[in-house]
Amino acid sequence: MRSRMFSFVTKTWNPVVGCMHNCVYCWARQLANTKLRETERYRNGFTPQLIKKELNVTFRNGDFVFVCDMGDLFGNWVPSDWIYKVLNVIGALKFTDFLLLTKNPQRYMSYPIPTNCILGATIESDQNYQSVSDAPLQFDRLYFMLKLAEAKRHKLFISIEPILDFNLELFANMLIRIRPWAVAIGYDNYGCGLPEPSLAKTMKLIEKLENANITVYRKTLREKTAVKRLEKVTNVEAA
Ligand code: SF4
């Protein structure tokens, strides 16, 4: 399946599904608990599981595969055994590129990740918003992406989606120090009423990144909407 999230991706692949970060804006959990609930894979909603038959997939040389857009492969709840199984498949497909994306980039450091992977992190802001998610704090994610940048072993990618209000100078400087292969920036598409920056401020961030020769993929860019009271989903099976 082609990714709805990134135009540069040619395929999505979900050998592990489900997630326990409980982001208030999670479209994947919503999908798993509603439209996909009757399918075998999501019979238990968004409860994390390894989909063994997905480990037999093959991809074409030149494909760019987004790994786990229906979960977080590097969430702390994922058994190492599952991660090694997925990395072994990736390592054997040397002429295919894979995009990993997590809200827990610290865990990348614990595994021998093949060099045909781009290590991605979703980081909505440089400021910490505990009310939107149970994931590691946004600034901690930035910190570990900086450590990965210093290690210089992989290309890096940062998804700032859905973007949350940020400190312009600090966020831009951290991103420029990380020097990712690319950044994708977009506002929430699901009417969650998140604490968003103004469009003018986001455009200034994009300008700073592009002036530093960082590729920016523009997703939904619009004026901010009114903030709602945010409630985290604590039951991974609840819609
Ligand atoms: S990290 Fe958040 S948005 Fe992504 S799958 Fe997990 S709960 Fe959903």
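Draft legend 1. Expanded view of helix α5 (residues 199-211). The terminal C-alpha atoms of α5 lie 18 Å apart, and with 13 residues this matches the ideal 18 Å at 1.5 Å per residue to within 8%. All of the buried residues in α5 are Thr 202, Leu 205, Ile 206 and Leu 209. Angularly, the buried residues of α5 cover 100° about the axis, an arc narrow enough to put them on a single face. Looking at α5, the residues exposed on the side facing more than 90 degrees away from the buried face are Ala 200 and Asn 211.

Draft legend 2. Looking closely at a nonpolar patch on the surface. Taken together, the side chains of Phe 139, Tyr 143 and Leu 170 present a nonpolar region at the surface, about 260 Å² in accessible area. Structurally, Leu 170 can be placed in helix α4 (residues 168-178). By relative accessible area, which is 39% here, Leu 170 ends up partly exposed.

Draft legend 3. Broad picture of the pairing of strand β9 (residues 215-218). Of the strand pairs in this sheet, strand β8 (residues 182-185) and β9 are connected by four bridges, and their pairing is parallel. Bridge pairing links Ile 185 to Arg 218 in β9. Crossover β8 to β9 through α5 is right-handed.

Draft legend 4. The arrangement of the sheet that holds strand β4 (residues 64-67) in detail. Ordered in space as β1-β4-β5-β6-β7-β8-β9, the seven strands form an open sheet in which the pairing is parallel. Both outer strands of the open sheet, β1 (11-13) and β9, are each paired with one neighbouring strand and no more. Recorded for the sheet is a direction-independent mean angle of 25° between the axes of neighbouring strands. Of the pairings in the sheet, the one linking strand β5 (residues 97-102) to strand β6 (residues 117-122) comprises five bridges and is parallel in character. Residue Leu 99 lies in a different strand from β6, and its bridge partner there is Ile 118. Against the sheet, helix α2 (residues 80-92) contacts β1, β4, β5 and β6, and its axis sits at roughly 145° relative to β1.

Draft legend 5. Structural view of the confidence of the model for the protein. Scored by pLDDT, the protein has a mean of 94; 95% of the residues are at 70 or more. Low pLDDT, under 50, characterises residues 235-239; the stretch is placed with 16 contacts to residues that sit more than four places away or in other chains.

Draft legend 6. Seen up close, the side chain of Arg 107. Tracing the chain through its elements places Arg 107 in the loop between β5 and β6. This buried residue, Arg 107, is left without a salt bridge; Asp 72 holds the nearest opposite charge, at 7.7 Å. Polar side-chain contacts of Arg 107 include one of 2.9 Å to the side chain of Tyr 111. The contacts of Arg 107, once residues within four sequence positions are left out, are Phe 74, Gly 75, Asn 76, Val 78, Pro 79, Ser 80 and Ile 83.

Draft legend 7. Region of the structure containing the packing of α4 against α5. Packing of α4 against α5 leaves a shortest axis separation of 10 Å and a crossing angle of 30°. One way to sum up the angle between α4 and α5 is to call them roughly parallel. When you trace α4 past α5, the crossing you get is right-handed. From α4, Leu 168, Glu 169, Phe 171, Ala 172, Leu 175 and Ile 176 reach across to α5, where they touch Lys 201, Lys 204, Leu 205, Lys 208 and Leu 209. Residues of the contact of α4 with α5, tallied by class, amount to seven nonpolar, no polar and four charged.

Draft legend 8. The arrangement of α4 in detail. Looking only at α4, the buried set comprises Leu 168, Phe 171, Ala 172, Met 174, Leu 175 and Ile 178. Each buried residue of α4 lies within a common arc of 165° when the element is viewed along its axis, so the set occupies one face. Lining the buried residues of α4 we find α3 (138-151), β7 (156-160) and α5. With a side-chain oxygen positioned 3.3 Å from the backbone nitrogen of Glu 169, the residue opening α4 is Asn 167.

Draft legend 9. The site of the ligand, seen in detail. Looking at the ligand, the residues that line it are Cys 19, His 21, Asn 22, Cys 23, Tyr 25, Cys 26, Phe 46 and Lys 103. The cavity where the ligand resides is the largest pocket.

About the criteria used
Residues numbered from 1 in each chain as written. Predicted model: local features only at pLDDT ≥ 70, side-chain atom pairs only at ≥ 80, totals over all residues. Heavy atoms only, no water. Helix = DSSP H or I, 4+ residues; strand = E, 2+ residues; numbered from the N terminus. Expected span 1.5 Å × (residues − 1). Buried < 20%, exposed > 50% of the residue type's maximum accessible area, 1.4 Å probe, protein only. Arc of directions from axis to C-beta. Patch = residues over 30% accessible without salt bridge, like charges linked within 9 Å, V, L, I, M, F, W, Y side chains within 5 Å. Areas by Shrake-Rupley, 256 points an atom, 1.4 Å probe, with all protein chains shown as cover. Salt bridge = Lys/Arg side-chain N within 4 Å of Asp/Glu carboxyl O. Pairing = 2+ DSSP bridges. Right-handed = clockwise from strand over helix to strand, strands pointing away. Axes fitted to C-alpha atoms, helices over the stretch in contact; angles between N-to-C directions. Contact = heavy atoms within 4.5 Å. pLDDT = per-residue confidence, 0-100. Lys, Arg positive; Asp, Glu negative; His and termini not counted. Polar contact = N/O pair within 3.5 Å; in protein donor to acceptor, adjacent residues only side chain to side chain. Parallel < 35°, antiparallel > 145°, perpendicular 65-115°, else oblique. Left-handed = near helix turned anticlockwise from the far one by under 90°. Nonpolar A, V, L, I, M, F, W, Y, C, P; charged D, E, K, R; others polar. Near = heavy atom within 4 Å. 1 Å grid on protein atoms, 1.4 Å probe; cavity = no way out; pocket = protein on both sides within 12 Å on 5 of 7 lines; lining within 4 Å. Sits in = over half its atoms within 2 Å of the grid points.

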